[in-house]
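The primary structure of each chain is shown beneath.
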Amino acid sequence: MGNDHVVVEPGARPPSSKRLSGRALVATAAGVVVLTAVVVVLLWWPGTSGLSGRDLVTARFDALRIGLSVGVGSGGVVALYLAWRRQRSTEDALAQQERVAASTERDAAERRITDLYTKAADQLGSDRAPVRLAGLFALERVAQDNPGQRQTIVNLLCAYLRMPFTLPGAGQDEWVQEREVRVAVQRILASHSRVGAPGDGYWAGLVLDLSGTVLDAPDFEGCRFEDVRMSSALVRGVARFGRATFDGDVDFGGAEFTGEAEFGEAVFGGAARFGGAEFRHTVAFGGAEFVGDVDFGGVEFGGDVEFGGIVVGGDAEFGGARFGGDARFGGAKFAGVARFGEVTFDGLAGFGGVGFGGAARFSKAVFGREARFRGASFGGVARFGAAEFRGDARIGGATFDGDAQFGRTVFAREAEFAKVRFARVAWFGRAELRGDADFGKAVFGGDAGFGGAVLAQRARFERAEFVRAARFSGTRFGGGAGFEGAHFREDARFDRTEVRGTLALDGATFARGAPRSLEHLQSDDTRDDQHQAHDPPHRRRLVQGDHAVERGGDRADPHPDRVARPDRDASERETQPAHADDQGDAEHDTRPQPGKSA
């Protein structure tokens, strides 16, 4: 049965006891006699030589007495040895009997467990629900009394749940009864997986394989498991996993949740896989902790989703997911790479105060409503290339410690970047900002590139600070641009820039002098007044060499939302491909050429 002890049949001699033969006993007695005689002889003649009379008698008497004492002592030693041998043999025999009894008891217990397990398993296969329930509770009792059998019995219960949830020829009553049996299985698994269960009810280190099962309103709140596999499971009703602890890996890939799903404050110690799952109702992961990687790639979220305050220690994959309701990630922390490429947010996308420790990739993402990134921090490269913001984009106060790439990004409504800090390159090449754009008090620590971008409405750069090169070559301002109080510490390029409306530069400073294009624009205010009778009032174009600036007149544009794109060839002369570290973004993100000046 796999026991480590040596099994000896009853009545067999213990291995450590070896009986002395009669010949050995006779030899021992003879040895004692010979030893006594030798001592007497040695003391009788050599010890009494030269003595006579009474001294001789006394000496020989002493020799005889000493010799006999030696013989008696030797015989006593032999007797003690024999007594020790007898006692040891008796103890060995008793220990062997105890081992045999324990082995017999274990064998009987294992046979009893096997019988109970077999009978209970047979009961689970009954066509009567009460019999199945009896077998279920019998298995629970066996597992409770025998810790070594718990995982085996849990495997059997999981296998029962994995069986098809149908009964051949069963009616409504049988279906309801079978559902009760399955719910009872779920309750047994949950009740013995909670730390602090009454008595000794907690079964530690359980592994659940519920792949492909049908679960009805499972309640595993506060439970603790080793590994959990629920891939392709159908979960009906409210699924409660709040404050649960998963010490190992979990797999919910392809699972379908028809009701609410609660994972708030859960702890995932290993990899967490939800790829391809479908959540039809609201989902709550607020405060959850993912120690390793987490995969939500391709997940369908039908309702509102709460990821506020989650902590992800590894990489986070959301690529291709769809959020049908509001998605709130406020205060979340991503230590590794956060991938949101090609994600669709149909509702509000809330990333306010989120900390991205590694790269954040939102390339080709679609934000259907308002997108909030206020106060977010990006520790690595932030890629928003070819993303589409259909609602307001609130990114004010965010911090970009790595490159910020918004090449070809579309902002359909207001784009707020006020007080944003770009520590490195900020690239908006060929981006379309169709609503108001606010970059007031923003700090561009690296190169700022707006080459070929279209800012259709009012663009505000008041008190913005450009620490390195600022490139607006080929940029089109459709509703005017305000650079009041802005600081340009290095080169500023505005060649081929087009402006409709007012270009305000009051208080702006240029460390290397204002670009010639801006000087011409400022001096041409007088020229505009002098030639206003000759130029159409709704559109005036000022040309000086290769520099062109368009300014709107008094008549309003009849199509304010239709903004002409800048000359493609002209804008491309001021752009270079993005870093080659991400080929997927290189198609739509461009960066300025380092070292070129106005």
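Scoring rules and cut-offs
- Residues numbered from 1 in each chain as written.
- Predicted model: local features only at pLDDT ≥ 70, side-chain atom pairs only at ≥ 80, totals over all residues.
- Heavy atoms only, no water.
- Helix = DSSP H or I, 4+ residues; strand = E, 2+ residues; numbered from the N terminus.
- Buried < 20%, exposed > 50% of the residue type's maximum accessible area, 1.4 Å probe, protein only.
- Contact = heavy atoms within 4.5 Å.
- Core = buried A, V, L, I, M, F, W, Y, C linked by side-chain atoms within 4.5 Å.
- Salt bridge = Lys/Arg side-chain N within 4 Å of Asp/Glu carboxyl O.
- Axes fitted to C-alpha atoms, helices over the stretch in contact; angles between N-to-C directions.
- Parallel < 35°, antiparallel > 145°, perpendicular 65-115°, else oblique.
- Nonpolar A, V, L, I, M, F, W, Y, C, P; charged D, E, K, R; others polar.
- Polar contact = N/O pair within 3.5 Å; in protein donor to acceptor, adjacent residues only side chain to side chain.
- Phe/Tyr/Trp six-rings, centres within 6.5 Å; stacked < 30°, edge-to-face > 60°.
- Left-handed = near helix turned anticlockwise from the far one by under 90°.
- Expected span 1.5 Å × (residues − 1).
- pLDDT = per-residue confidence, 0-100.

**Student:** Please set out the overall build of the protein residue by residue, giving values where relevant.
**Tutor:** Helices and strands together make up the secondary structure of the protein, namely 8 helices and 59 strands. Going through the 598 residues of the protein one by one, you find that 44% of them count as buried. Restricting to contacts in the protein with at least 6 residues of sequence separation, those with at least 24 account for 27%.

**Student:** Kindly report on unusual backbone geometry, identifying the contributing residues and their values.
**Tutor:** A positive phi is found at Glu-265, a non-glycine position, where the angle reads about 65°. Following the sequence through the fold, Glu-265 ends up in the loop between strand S10 (261–262) and strand S11 (267–268).

**Student:** Would you mind going over the nonpolar core in detail, with residue names and values included?
**Tutor:** In terms of nonpolar packing, the biggest core is built from 130 residues, with Phe-334 and Phe-483 touching the most fellow members. Among the elements of the structure, helix H2 (53–124), helix H3 (129–145), helix H4 (150–162) and helix H5 (172–191) are those that each provide at least two residues to this core. The contact partners of Phe-334, leaving out residues within four places of it in the chain, are Ile-310, Val-312, Ala-316, Phe-318, Phe-329, Phe-340, Val-354, Gly-355, Phe-356, Gly-357 and Gly-358.

**Student:** I'd like to hear about the pattern of salt bridges, residue by residue, with values.
**Tutor:** Evaluated as defined, the whole model comprises 34 salt bridges. Note that Asp-326 is salt-bridged to Arg-328, the shortest N-O span being 3.4 Å. With a relative accessible area of 14%, Asp-326 lands in the buried category. A residue is classified by how much of its surface remains accessible, and Arg-328, at 34% relative accessible area, is partly exposed. Here the salt bridges do not stand alone but share partners, grouping Glu-370, Arg-372, Arg-374, Asp-392, Arg-394, Arg-413, Glu-414 and Glu-416 into one network.

**Student:** Provide a residue-level description of the side chain of Gln-186, including the pertinent values.
**Tutor:** Tracing the chain through its elements places Gln-186 in helix H5. In contact with Gln-186, not counting residues within four places along its chain, are Leu-161, Val-214, Leu-215, Asp-216, Ala-217, Pro-218 and Phe-220.

**Student:** I'd like to hear about the packing of H3 against H5, residue by residue, with values.
**Tutor:** It is at 9 Å that the axes of H3 and H5 come closest, and there the two elements cross at 10°. Judged by the angle between their axes, H3 and H5 are roughly parallel. Contacts between H3 and H5 pair Ala-129, Arg-132, Leu-133, Leu-136, Phe-137 and Glu-140 from the former with Gln-177, Glu-178, Val-181, Ala-184, Val-185 and Ile-188 from the latter. Classifying every residue of the contact of H3 with H5 by side-chain character gives 8 nonpolar, 1 polar and 3 charged.

**Student:** Provide a residue-level description of the side chain of Ser-473, including the pertinent values.
**Tutor:** Tracing the chain through its elements places Ser-473 in the loop between strand S48 (470–471) and strand S49 (476–477). At 3.0 Å, the side chain of Ser-473 and the side chain of Asp-495 are in polar contact.

**Student:** How would you explain the packing of aromatic side chains if you had to name every residue and give the values?
**Tutor:** Overall, the coordinates contain 94 aromatic pairs when judged by the stated rule. Where Phe-340 meets Phe-351, the ring centres are 5.4 Å apart and the plane angle is 90°; that geometry is what we call edge-to-face. A residue pair is termed long-range when its members are at least 10 positions apart, and Phe-340 in the loop between strand S24 (338–339) and strand S25 (344–345) and Phe-351 in the loop between strand S26 (349–350) and strand S27 (355–356) qualify at 11 residues. Overall, the relative accessible area of 0% leaves Phe-340 in the buried class.

**Student:** Which residues make up the packing of H3 against H4, and what are the values?
**Tutor:** For the pair H3 and H4, the least separation of the axes is 8 Å and the interaxial angle reads 155°. The angle between H3 and H4 places the two elements in the roughly antiparallel class. Crossing of H3 over H4 shows left-handed handedness. On the side of H3, the interface is formed by Arg-132, Leu-136, Leu-139, Val-142, Ala-143 and Gln-144, while H4 contributes Arg-150, Ile-153, Leu-156, Leu-157 and Tyr-160.

**Student:** With reference to specific residues and values, describe H3.
**Tutor:** For H3, spanning 17 residues, the distance from its first C-alpha to its last is 25 Å, which sits close to the expected 24 Å at 1.5 Å a residue. Along H3, the residues that are buried comprise Ala-129, Arg-132, Gly-135, Leu-136, Ala-138, Leu-139, Val-142 and Ala-143.

**Student:** Kindly report on the environment of Glu-226, identifying the contributing residues and their values.
**Tutor:** With respect to the helices and strands, Glu-226 occurs in the loop between strand S3 (224–225) and strand S4 (227–229). Spatially, the C-alpha atoms of Glu-226 and Gly-248 are 5.0 Å apart, while their sequence positions differ by 22 residues. Aside from chain neighbours lying at most four places away, what touches Glu-226 is Gly-205, Leu-206, Val-207, Phe-246, Asp-247, Gly-248 and Asp-249.

**Student:** Explain the confidence of the model for the protein to me, using residue names and the numbers behind them.
**Tutor:** Of all residues in the protein, 76% attain a pLDDT of 70 or more, and the chain-wide mean is 82. Here residues 1–12 is a poorly scored stretch, pLDDT under 50, and it has 12 contacts once near neighbours within four places are set aside; other chains count. Scored below 50 in pLDDT, residues 521–598 shows 148 contacts in the model against residues more than four places distant or in partner chains.

**Student:** Now, about the environment of Gly-507: what can you tell me, with residues and values included?
**Tutor:** Tracing the chain through its elements places Gly-507 in the loop between strand S54 (503–504) and strand S55 (509–510). As for Gly-507 and His-487, which are separated by 20 residues in sequence, their C-alpha atoms are 8.8 Å apart. Residues in contact with Gly-507, not counting those within four places in the same chain, are Gly-485 and Ala-486.

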